[in-house]
Protein chains: 2
Amino acid sequence: MTDIEKQTEERIFESATEIFIEKGMDGARMQDIADHAGINKALLHYYYRSKEHLFEAVFEKMAAVMFSRFSPVFDEKTSLEDKIRFFFREHISFLQKNPRLPAFILNEVNRNPARIKKLIQRYNINEFWNTLESQHHDELIRYNIRREKMAQLMTSIAAISIFPFAARGIMEVLFEKSGQDFNDYLEQRKDFAAEFVIRALKGSGTE
Amino acid sequence: MTDIEKQTEERIFESATEIFIEKGMDGARMQDIADHAGINKALLHYYYRSKEHLFEAVFEKMAAVMFSRFSPVFDEKTSLEDKIRFFFREHISFLQKNPRLPAFILNEVNRNPARIKKLIQRYNINEFWNTLESQHHDELIRYNIRREKMAQLMTSIAAISIFPFAARGIMEVLFEKSGQDFNDYLEQRKDFAAEFVIRALKGSGTE
DNA sequence: ATATGGTTTAACCGAATGGTCAAAAGTAGA
DNA sequence: TCTACTTTTGACCATTCGGTTAAACCATAT
């Protein structure tokens, strides 16, 4: 692959990413992507056979980026509580830089669930749990988190971090009306979310 | 308005609702809506001038339905904790019957934020807070919830309830892989969510 | 019966869309 | 410079889409 080819293909991919995230699969136009990349529309089909192929490339990349942000948690050799603090700080910071990513992923997955299936095959959620359990066995018992509750806890954590971005359109309007600032809210949220979850955990103990 | 006219107009509206929720504004086809309603495509334009008009009618109705589900909380003369329990039970039950509503609303709002603006004008979020404050003054002080934290708390509650439906496409695949059932998860969530939030509140007191 | 006015349809239209193709332009080796 | 190959383009195509129109249909009142 030559340098120029790489340049062109990359420019196409980046333009497609921008347009697809903004307009969605159905709303995006191949002509808009070509214009944005400064090339002829036929070139899109030269590098990516069809709109479907191009979208799939973008979607898989973005989904991988999104999911990869969950894994650093497993590298840390810290307590569960510190992991939670670390996660919210890092994850919300990441989403501040990519605020439209959650809405894009969630919408396209709901529109076509088959798309995410093969991507998810790579991840083993039970192994995910096993890792956490081995790392935090004592804490999980102390917090009375059994396997069924694990899904509840993890989805609640994800929800608290992701939802403000998924509902960004509503929240920004709501905040504007009440004189609050969405960015301030997000900054505060990094700490609030962590302490919120940790308090909920502490109160659930068997002791 | 005659009976037949009402029948037709309603059938159009219901078909449009179904198609728009499933495919979104951009993905929906006027022909599909007409077919679904069992009528000629021109009739759509006879009752609703354009696709935009038809969509707006559907969107505003669905947004109103969604928002109206937050207000019963203010009628209850119970403690804050019981209100939280009541809210999760009712709200998740409602979403179980309308599982695609959150993704539809969130996506279309993000795609075109202007659409929700005029709807939100009707609601006064500061008055909302004032009502809650007058009803639960003592509890809010005990839980150390000041005005800035109110937005954090309310959005966390909304997130915990709504997110599983917004991320339904991912969660169903994830659950299938790990041998869990999404409906069981939702049933458990009604209680889990309430106790989770209440524990988080209790731990935040000034005492 | 017939005129009136709202309702419904089949046929049609222009624009936009994803996609194709043959030729031009560019590149690199002999 | 000639040749073989890849990259890029403009023109074009078939189809789809939202929307229009004129006529048919139908219930009701006179």
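This one's a predicted model, so the numbers in the text were calculated from it and none came from an experiment.

## As for the overall build of chain A
Within chain A one finds 12 helices and zero strands. The linear arrangement of helices and strands in chain A, starting from the amino end, is α-α-α-α-α-α-α-α-α-α-α-α. Principal-axis analysis of the C-alpha atoms places the extent of chain A at approximately 65 × 45 × 30 Å. Taking as baseline every contact in chain A between residues at least 6 positions apart, the subset at least 24 positions apart corresponds to 71%. For chain A, the exposed surface amounts to about 10,200 Å²; the carbon and sulfur share of it is 49%. Charge centroids of chain A, computed over 30 positive and 32 negative side chains, lie 4 Å from each other.

## Here's the deal with the pattern of salt bridges
Residue and element names in this part refer to chain A. Enumeration over the complete set of coordinates arrives at 20 salt bridges over all chains. The salt bridge partner of Glu 81 is Arg 85, with a shortest N-O separation of 3.9 Å. You can see Glu 81 and its partner Arg 85 sitting in helix H5 (residues 80-97), four residues apart, about one turn around the helix. Three or more residues are tied together by salt bridges with common partners; here these are Glu 81, Asp 82, Arg 85 and Glu 195.

## What about the packing of aromatic side chains?
Residue and element names in this part refer to chain A. Within the structure shown, the criterion is met by 26 aromatic pairs over all chains. Geometrically, the ring pair formed by Tyr 46 and Tyr 47 is edge-to-face, given 5.1 Å between the ring centres and 90 degrees between the ring planes. Within the aromatic cluster, the residues linked to one another by ring pairs are Phe 20, Phe 55, Phe 59 and Phe 104. In this arrangement the basic side chain of Arg 142 is found over the ring face of Tyr 143, its NZ or CZ atom lying 5.3 Å from the centre.

## Re empty space enclosed by the protein
Summed over all chains, the structure comprises three cavities of 30 Å³ or more. Taken as a whole, the largest cavity spans an internal volume of roughly 100 Å³. Asp 26, Asn 107 and Arg 111 of chain A together with Asp 26 and Asn 107 of chain B are, among the 16 residues lining the largest cavity, the residues nearest its centre. Of all the elements in the fold, those that place two or more residues in the lining of the largest cavity are helix H1 (3-27) and helix H6 (101-111) of chain A together with helix H1 (3-27) and helix H6 (101-111) of chain B. Of the residues contributing to the lining of the largest cavity, the split by class is two nonpolar, six polar and eight charged. By volume, the second largest cavity amounts to about 80 Å³. Along the walls of the second largest cavity sit Ala 103, Leu 106, Asn 107, Asn 110 and Ala 166 of chain A together with Ala 103, Leu 106, Asn 107, Asn 110 and Ala 166 of chain B, which together make up its complete lining. When contributions to the lining of the second largest cavity are tallied by element, the ones reaching two or more residues are H6 of chain A together with H6 of chain B. Classifying every residue of the lining of the second largest cavity gives six nonpolar, four polar and no charged.

## Thoughts on the confidence of the model for chain A
Summing up the model confidence of chain A, the mean pLDDT is 92 and the portion of residues at 70 or higher is 96%. Ignoring residues within four places in sequence, the model shows residues 1-5 of chain A, a span with pLDDT below 50, making three contacts including any to other chains.

## A closer look at a positive patch on the surface
A grouping of Lys 23 and Arg 29 of chain A together with Lys 23 and Arg 29 of chain B is seen on the molecular surface, where their side chains present a positively charged patch. With respect to the helices and strands, the residue Lys 23 of chain B is situated in helix H1.

## Details of the packing of helix H8 (residues 125-135) of chain B against helix H10 (residues 147-166) of chain B
All names here are of chain B. Look at H8 against H10: their axes get within 12 Å of each other, and the N-to-C directions meet at 95 degrees. Considering the angle they form, H8 stands roughly perpendicular to H10. Facing Asn 126, Phe 128, Trp 129, Asn 130 and Leu 132 of H8, the residues of H10 in contact are Arg 147, Met 150 and Met 154. By residue class, the composition of the contact of H8 with H10 is five nonpolar, two polar and one charged.

## Thoughts on unusual backbone geometry
Apart from glycine, the bulk of residues carry a negative phi angle, and the bulk of peptide bonds sit in the trans form. One non-glycine residue, Asn 144 of chain A, lies in the positive phi region at around 60 degrees. Tracing the sequence through the fold places Asn 144 of chain A in the loop between helix H9 (137-142) and helix H10 (147-166).

## Observations concerning the relation of the copies chain B and chain A
Turning chain B through 180 degrees and shifting it by 0.0 Å along the axis lays it on chain A, with an RMSD of 0.0 Å. Read as a symmetry element, the transformation amounts to a two-fold axis. Ranked by how close their C-alpha atoms come to the rotation axis, the residues of chain B are headed by Ala 200 of chain B, at 2.0 Å. Taken as a fraction of all interface residues of chain B, those also at the interface in chain A reach 100%, which identifies the copy contact as same-surface.

## Things to note about the interface of chain B and chain A
Each side of the interface is counted separately: chain B has 58 residues, and chain A has 58 residues. Taken together, both faces of the contact between chain B and chain A bury some 5,000 Å²; the carbon and sulfur share is 66%. Viewed at the interface, chain A and chain B are joined by zero salt bridges. In this assembly, chain B and chain A are joined by 23 residue pairs in polar contact (both at pLDDT 80 or more).

Procedures and definitions
Residues numbered from 1 in each chain as written. Chains lettered and ligands numbered in written order. Predicted model: local features only at pLDDT ≥ 70, side-chain atom pairs only at ≥ 80, totals over all residues. Heavy atoms only, no water. Helix = DSSP H or I, 4+ residues; strand = E, 2+ residues; numbered from the N terminus. Contact = heavy atoms within 4.5 Å. Areas by Shrake-Rupley, 256 points an atom, 1.4 Å probe, with all protein chains shown as cover. Lys, Arg positive; Asp, Glu negative; His and termini not counted. Charge placed at Lys NZ, Arg CZ, Asp CG, Glu CD. Salt bridge = Lys/Arg side-chain N within 4 Å of Asp/Glu carboxyl O. Phe/Tyr/Trp six-rings, centres within 6.5 Å; stacked < 30°, edge-to-face > 60°. Lys NZ or Arg CZ within 6 Å of the ring centre and 35° of its normal. 1 Å grid on protein atoms, 1.4 Å probe; cavity = no way out; pocket = protein on both sides within 12 Å on 5 of 7 lines; lining within 4 Å. Points joined across faces, edges and corners; volume = space filled by probe spheres on them. Nonpolar A, V, L, I, M, F, W, Y, C, P; charged D, E, K, R; others polar. pLDDT = per-residue confidence, 0-100. Patch = residues over 30% accessible without salt bridge, like charges linked within 9 Å, V, L, I, M, F, W, Y side chains within 5 Å. Axes fitted to C-alpha atoms, helices over the stretch in contact; angles between N-to-C directions. Parallel < 35°, antiparallel > 145°, perpendicular 65-115°, else oblique. Least-squares fit on C-alpha atoms with pLDDT ≥ 70 in both. Buried area = accessible area lost by both parts, 1.4 Å probe. Polar contact = N/O pair within 3.5 Å; in protein donor to acceptor, adjacent residues only side chain to side chain.

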